[in-house]
Amino acid sequence: CLFFFLSSWLPQMVPSRGSHWQSSLLTLRASLPMRAQPKKKKKVDPRREQAQKDRMKKKIKKLEKAAPEMIPIEDFVTPPKYLDNSRVRSLPPLSFEETERRVLLMKRWCLFKQKQDKAEKQAIQTLIAAQQEALKELRLESEELYQAAIRRDEGLFPFEREGPNYTPPLPGYDPPEGKCVDITKVYTQ
Amino acid sequence: ALVSCHRHYRSRPTHGIGRYKYLLPKEAPKKKRDRVQMKEIDVGTEHEYGDINIQMTSYDMCLVEHFAQYVHRLCNRLAVRVKESYAMPTKTNEVLFLEERGSKMQLDAVLTTHQRVVQISGLSSTFAPILLEAIQSNQPEGVHLLVKEHTEADFKSRLKSRPELEELLAQMS
């Protein structure tokens, strides 16, 4: 009964210990009559936000003005270690027979490649001719089918094909576990 | 420009003889720093394909370069319009493998992937399979061929990324 006596003695201004002190403070403020003007920053807030937005828009405009750059391609830049001119290869002098052999080999190789190239061009020409003849015959057969054949094929692209391999995959090969880490240099503007 | 080394006096009838620059078509003045602008993407009609990208990828740079040159020359020879021929940025991969006895990953190799692109347009629908056949028959080992239509995303992948601009745009919206 002593505690109740103490609590009744204490003035109303001191927040009571029983409840959470924050909520009691708020109720205290609401209960107090507010006669002074509340110092709420109503006018400055929208202006500040507007100024912030304007600054951001300006920044965006400035960044957008700069033209987008292409990523530099490392393939076309020679690494500096190969620019050193001090290392020069010294080749032994070739004998006459060796040079003759090489020149004749080169000529035979050129002839072989020329024949190969001609055969390829001929093959393409025969393909085109056969296709044209087939389309002509088809046109004579039916106009509808010809029109459908002339149309472009939507399912053709994308077209993917892996190159041929030197050796087929080994049967029953157990590869070691590992992972691939991408360490490409990321360029930012 | 009016007077060359042999002076013709202005009152003579031979004044201005030898002028020809005014007959040439007007050239647009070249800006010092040309904006890297994307060329218009052709969609194509019913009988013709639009912009097509022939992308060649491989670990071996020489092979890929030579193959790209071959494809470009083949298109020139077969009167297929080559719009652009460029290289994509190189990708580097580090291959790590787990040792047999041990838990540490060991560096095996550093592989570089090279990609070359030949962009053609105006390919007719009847000629497309023949061209593909010719390219396929000469495809070297280890070169991965991909033929697809050109999109804006393909062009954007060649440009540098701008994280600040993207951040600000994200903040704005």
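Cut-off values and rules
Residues numbered from 1 in each chain as written. Chains lettered and ligands numbered in written order. Predicted model: local features only at pLDDT ≥ 70, side-chain atom pairs only at ≥ 80, totals over all residues. Heavy atoms only, no water. Helix = DSSP H or I, 4+ residues; strand = E, 2+ residues; numbered from the N terminus. Buried < 20%, exposed > 50% of the residue type's maximum accessible area, 1.4 Å probe, protein only. Areas by Shrake-Rupley, 256 points an atom, 1.4 Å probe, with all protein chains shown as cover. Axes fitted to C-alpha atoms, helices over the stretch in contact; angles between N-to-C directions. Parallel < 35°, antiparallel > 145°, perpendicular 65-115°, else oblique. Left-handed = near helix turned anticlockwise from the far one by under 90°. Contact = heavy atoms within 4.5 Å. Nonpolar A, V, L, I, M, F, W, Y, C, P; charged D, E, K, R; others polar. UniProt positions renumbered as here; feature names shortened; annotations may be inferred. Polar contact = N/O pair within 3.5 Å; in protein donor to acceptor, adjacent residues only side chain to side chain. Patch = residues over 30% accessible without salt bridge, like charges linked within 9 Å, V, L, I, M, F, W, Y side chains within 5 Å. Salt bridge = Lys/Arg side-chain N within 4 Å of Asp/Glu carboxyl O.

To continue, consider the overall build of chain A. Within chain A, the regular secondary structure consists of 5 helices and 2 strands. Along its sequence from the N terminus, chain A presents helices and strands in the succession α-α-α-α-α-β-β. Burial analysis of chain A (189 residues in total) assigns 10% to the buried set. Total accessible area computed for chain A in this model is approximately 18600 Å², and 60% of it derives from carbon and sulfur atoms.

Once that is clear, we can look at the packing of helix α4 (residues 96–141) of chain A against helix α1 (residues 61–77) of chain B. Two elements in contact, α4(A) and α1(B), have axes separated by 13 Å at closest approach and are oriented at 50 degrees. Classified by the interaxial angle, the pair formed by α4(A) and α1(B) is oblique. The chirality of how α4(A) crosses α1(B) is right-handed. Facing α4(A), whose interface residues are D117(A), E120(A), K121(A) and I124(A), α1(B) presents Y70(B), L74(B) and R77(B). Here the residues of the contact of α4(A) with α1(B) are counted per class, giving 3 nonpolar, no polar and 4 charged.

All right, on to the UniProt feature "domain: Small ribosomal subunit protein uS10" (unreviewed entry) in chain B then. UniProt records the feature "domain: Small ribosomal subunit protein uS10" (unreviewed entry) for residues 53–148 of chain B in the present numbering. Counting secondary structure, residues 53–148 of chain B comes out at 28% helix and 50% strand; the distance between its end C-alpha atoms is 5 Å.

A word on the side chain of S125(B). Along the chain, the position of S125(B) falls in the loop between β5 (123–124) and α2 (128–137). Judged by its relative accessible area of 11%, S125(B) falls in the buried class. From its side chain, S125(B) meets the backbone oxygen of I150(A) in a polar contact 2.4 Å long. Ignoring any residue separated from it by four or fewer positions in sequence, one finds S125(B) in contact with I150(A), R151(A), R152(A), H47(B) and Y49(B).

In this section: a nonpolar patch on the surface. Together, Y20(B), Y22(B), L23(B) and L24(B) give the surface a local cluster of nonpolar side chains, amounting to about 480 Å² of exposed area. As for its placement among the helices and strands, L24(B) is situated in the segment before β1 (48–49).

A few words now on unusual backbone geometry. Residue and element names in this part refer to chain B. Phi at A79 takes a positive value of approximately 60 degrees, unusual for a residue other than glycine. When you line up the elements, A79 lands in the loop between α1 and β3 (81–98). Given the relative accessible area of 73%, A79 is considered exposed.

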